[in-house]
Amino acid sequence: MIRNELEKLIAEKRACVGVAGLGYVGLPLIIEFCLKGFRGIGFEVDSKKADQINAGKSHIVDVPDENVRKCVEEGRLEATTDFSRLSECDVIIICVPTPLRKTKDPDMSFILAAGEQIRKYKRKGQLVILESTTYPGTTDEVLKPILEDGGFKLDEDFLLAFSPERVDPGNPQFQTHNIPKVVGGVSKDSTDVAAQLYGTIVNDVHAVSSARVAEACKLWENTFRAINIGMANEMARLCNALGIDTWEVVRAAATKPFGFMPFYPGPGIGGHCIPLDPHYLSWKARQHGFDSQFISLAEQINSGMPEYVVKLTSTALNKSKKALNGSKILVLGVAYKKDIDDMRESPALSIIDLLRAKGAEVVYHDPFVPEVTFDHAYTIGDAEPLKNNELTDELLRDCDCTIICTEHSNIDYKKVCDLAPLIVDTRNALNEDIRNGSSAKIVRL
Ligand SMILES: NC(=O)c1ccc[n+]([C@@H]2O[C@H](COP(=O)([O-])OP(=O)(O)OC[C@H]3O[C@@H](n4cnc5c(N)ncnc54)[C@H](O)[C@@H]3O)[C@@H](O)[C@H]2O)c1
């Protein structure tokens, strides 16, 4: 039985683990398997990434070069663009992007492309696991028919499961091994074998009854975040209207030891997950005649935050008898969250775009991001790319306003407070100690 063969290969660490897509999710995952003694083959469409990995270098902040080097040198890790080698793998884990189309519908092209490669080179006896975040039903409705091609039968010729990825880039406390892993197969054998596999690298595996449950679980988690951040953003605007300090209110509410979990406002939501994933759920719900109102409302509030930040900036400049048009604005921190370099869906991009559309001259400083590029298709202002500026005293003095969009740890906020004439702080980066004694005008979210 295919189940018994795979169980034996996994237990003896003789299973070859293939990972398709070596990005934020795929690279840490394959490294974890290789460090645990499995042989791993990484499949990439980007030959530069594959070459870099084979040279022992990591392109992901949370994966140290030394781990990649160790796995490559010990002959356990290889990256390739040759998908025919998928046939060497006993397990194939798909970690390709799942973006949205311009219409905000799921873009399944990456999953379909990976599926097509697997279809071409599959052999009997493989376990295929999808980790890319997607709508409930994808594993069953999209991947299963692809794997059944050529008369292959589930449980007899292949196993198939979904296991959502929960990696939190830049979080030193929670890494692959100590984040519980949810696993749901399209058959009982698929669930069991996939759970056994992940049990070799993760402390806690939670098996569910189907791939659909596992798919829905991931979207529930991220929709929960999107909605709660949306609420925090609404509360920030509400507190602002009432003249109450938002951050003091959240800090106070967070002292409640039960029934409250703090979420914080900000300039908008970013990254590859929170702004996108709820759309996967609402799109699928719409197909079943269900309109998910919470998701739409949170989306509306969160995507309106960059405009609100620009309004705060314009009002603050106005109080100093300055117009946004012609002002020089420093955006401090452009990555979508602190201490990482990821620019995907970063609200800083919208803020810069809106500022430039209103005639402001925009410069930025971000220790993690050397250059910012704009998508012409979406840009309403000047789409010219920007280069990182050093955070000099002159720059801070010279800019009419500094907007703190991302609160990276390695920025001297005391210096920012001492030298910048006007600051819009969207992240509460400037605590009371830093603010005390500062002559800067400070506007907080
Ligand atoms: N980044 C996160 O924090 C995070 C967390 C949880 C879940 N996810 C989900 O995981 C999936 C992957 O996200 P990511 O952040 O790792 O994306 P990423 O863009 O960092 O990496 C994806 C990689 O896949 C490669 N690729 C594209 N098409 C391919 C193909 N057909 N075959 C092989 N490789 C291919 C790309 O070149 C890229 O290197 C997405 O569905 C995402 O929603 C991401």
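Residues numbered from 1 in each chain as written. Predicted model: local features only at pLDDT ≥ 70, side-chain atom pairs only at ≥ 80, totals over all residues. Heavy atoms only, no water.

Counting its regular elements, the chain contains 16 helices and 15 strands. Radius of gyration (C-alpha) of the chain: 24 Å, near the 22 Å computed for a compact globule of 445 residues. Principal-axis analysis of the C-alpha atoms places the extent of the chain at approximately 75 × 50 × 45 Å. The 445 residues of the chain split such that 53% are buried. Here the contacts in the chain between residues at least 6 apart in sequence split such that 69% fall between residues at least 24 apart. Carbon together with sulfur atoms contributes 51% to the accessible area of the chain, which is approximately 20,000 Å² in total. On the chain, the mean spot of the 52 positive side-chain charges and the mean spot of the 63 negative ones are 2 Å from each other. (Helix = DSSP H or I, 4+ residues; strand = E, 2+ residues; numbered from the N terminus. Rg over C-alpha atoms; globule rule 2.2 N^0.38 Å. Buried < 20%, exposed > 50% of the residue type's maximum accessible area, 1.4 Å probe, protein only. Contact = heavy atoms within 4.5 Å. Areas by Shrake-Rupley, 256 points an atom, 1.4 Å probe, with all protein chains shown as cover. Lys, Arg positive; Asp, Glu negative; His and termini not counted. Charge placed at Lys NZ, Arg CZ, Asp CG, Glu CD.)

So, about the site of the ligand. Around the ligand, a shell composed of 27 residues is seen, among which Val25, Glu44, Lys49, Thr98 and Thr133 lie nearest. At 3.0 Å from an oxygen atom of the ligand is found a main-chain nitrogen or oxygen belonging to threonine 133. Within the complex, the protein chains bury 92% of what would otherwise be the 820 Å² of accessible surface of the ligand. A per-element tally of the shell around the ligand places helix α5 (residues 109–121) first, with 3 residues. (Near = heavy atom within 4 Å. Polar contact = N/O pair within 3.5 Å; in protein donor to acceptor, adjacent residues only side chain to side chain.)

In this section: the sheet that holds strand β14 (residues 422–425). Here 5 strands make up an open sheet; going across it, the order is β10-β9-β13-β14-β15 and the pairing parallel. Two strands lie at the open edges of the sheet, namely β10 (361–365) and β15 (441–444), each paired on one side alone. Across this sheet, the average inter-strand angle for adjacent strands is 20°, counted without regard to direction. Where β14 and β15 come together, 4 bridges link them in parallel fashion. The residue bridging isoleucine 423 from the neighbouring strand is isoleucine 442, located in β15. (Pairing = 2+ DSSP bridges. Axes fitted to C-alpha atoms, helices over the stretch in contact; angles between N-to-C directions.)

In this structure, glutamate 215 sits in helix α8 (residues 211–242). Buried and without a salt bridge, glutamate 215 has arginine 212 as its closest oppositely charged side chain, separated by 5.8 Å. In terms of polar contacts, glutamate 215 uses its side chain to reach the backbone amide nitrogen of glycine 137, at 2.6 Å. Beyond its immediate sequence surroundings of up to four residues, glutamate 215 is in contact with Thr134, Tyr135, Pro136, Gly137, Thr138, Thr139 and Phe162. (Salt bridge = Lys/Arg side-chain N within 4 Å of Asp/Glu carboxyl O.)

Moving on: unusual backbone geometry. Phi is positive for aspartate 339, which is not a glycine, with a value near 60°. Mapped onto the elements, aspartate 339 comes out in the loop between β9 (328–332) and α13 (347–357). The class of aspartate 339 is partly exposed, set by a relative accessible area of 24%. Here glutamate 345, not a glycine, exhibits a phi torsion of approximately 60°, which is positive.

Our next topic: a nonpolar patch on the surface. On the surface, Met231, Met235, Leu238, Leu242, Ile244 and Val249 cluster together into a nonpolar patch covering about 530 Å² of accessible area. Residue placement: isoleucine 244 occurs in the loop between α8 and α9 (246–253). (Patch = residues over 30% accessible without salt bridge, like charges linked within 9 Å, V, L, I, M, F, W, Y side chains within 5 Å.)

With that out of the way, let us pick up the sheet that holds strand β7 (residues 181–185). In space, the 8 strands of this open sheet follow the order β3-β2-β1-β4-β5-β6-β7-β8, with mixed pairing throughout. The open sheet has two edge strands, β3 (77–80) and β8 (205–208), and neither has a second partner. Mean inter-strand twist for the sheet, computed between neighbouring axes without regard to direction, equals 25°. Pairing between strand β4 (residues 91–94) and strand β5 (residues 126–130): 4 bridges, direction parallel. By the bridge assignment, isoleucine 94 is partnered in β5 with leucine 130.

Next up on the list: the side chain of aspartate 425. Mapped onto the elements, aspartate 425 comes out in strand β14. A polar contact is formed between the side chain of aspartate 425 and the backbone nitrogen of asparagine 428, at a distance of 3.1 Å. Filtering out sequence-adjacent residues up to four positions away, aspartate 425 remains in contact with Ile404, Leu430, Val443, Arg444 and Leu445.

Quick look at the packing of helix α1 (residues 2–11) against helix α7 (residues 188–199) now. Helix-helix packing is described using two parameters, namely the angle between the two axes and the distance between the axes. The interhelical angle for the contact between α1 and α7, taken along N-to-C directions, is 5°, at an axis separation of 10 Å. By the angle between their directions, the pair α1 and α7 is classed as roughly parallel. In contact with Arg3, Leu6, Glu7, Ile10 and Ala11 of α1, α7 contributes Lys188, Asp189, Asp192, Val193, Gln196 and Leu197. For the contact of α1 with α7, the class distribution of residues is 5 nonpolar, 1 polar and 5 charged. (Parallel < 35°, antiparallel > 145°, perpendicular 65-115°, else oblique. Nonpolar A, V, L, I, M, F, W, Y, C, P; charged D, E, K, R; others polar.)

Another aspect to go through is the environment of serine 87. Examined against the element boundaries, serine 87 turns out to sit in the loop between β3 and β4. A relative accessible area of 31% means that serine 87 is categorised as partly exposed. Sequence spacing of serine 87 and tyrosine 121 is 34 residues, and the spatial spacing of their C-alpha atoms is 5.4 Å. Dropping the residues within four chain positions of it, serine 87 is found in contact with Tyr121, Arg123 and Gln126. Separated by 3.0 Å, the side chain of serine 87 and the backbone oxygen of serine 84 make a polar contact.

Turning our attention to the domain arrangement of the chain. If you check the domain split of the chain, you get domain 1 (2–209) and domain 2 (235–444). The straight-line distance from the C-alpha centre of domain 1 to that of domain 2 is 35 Å. In this complex, domain 1 contributes 20 residues to the contact, which on the side of domain 2 involves 17 residues. Around 1,600 Å² of area is buried between domain 1 and domain 2 when both sides are counted, 61% of it from carbon and sulfur atoms. Counting across the interface, domain 1 meets domain 2 through 4 salt bridges. Across the salt bridge formed by aspartate 105 and arginine 286, the nearest N and O atoms sit 4.0 Å from each other. If you look at where domain 1 meets domain 2, you find 6 residue pairs in polar contact (both at pLDDT 80 or more). The residue makeup of the side of domain 1 that touches domain 2, split by class, is 10 nonpolar, 4 polar and 6 charged. (Domains from an automatic or database assignment. Buried area = accessible area lost by both parts, 1.4 Å probe.)

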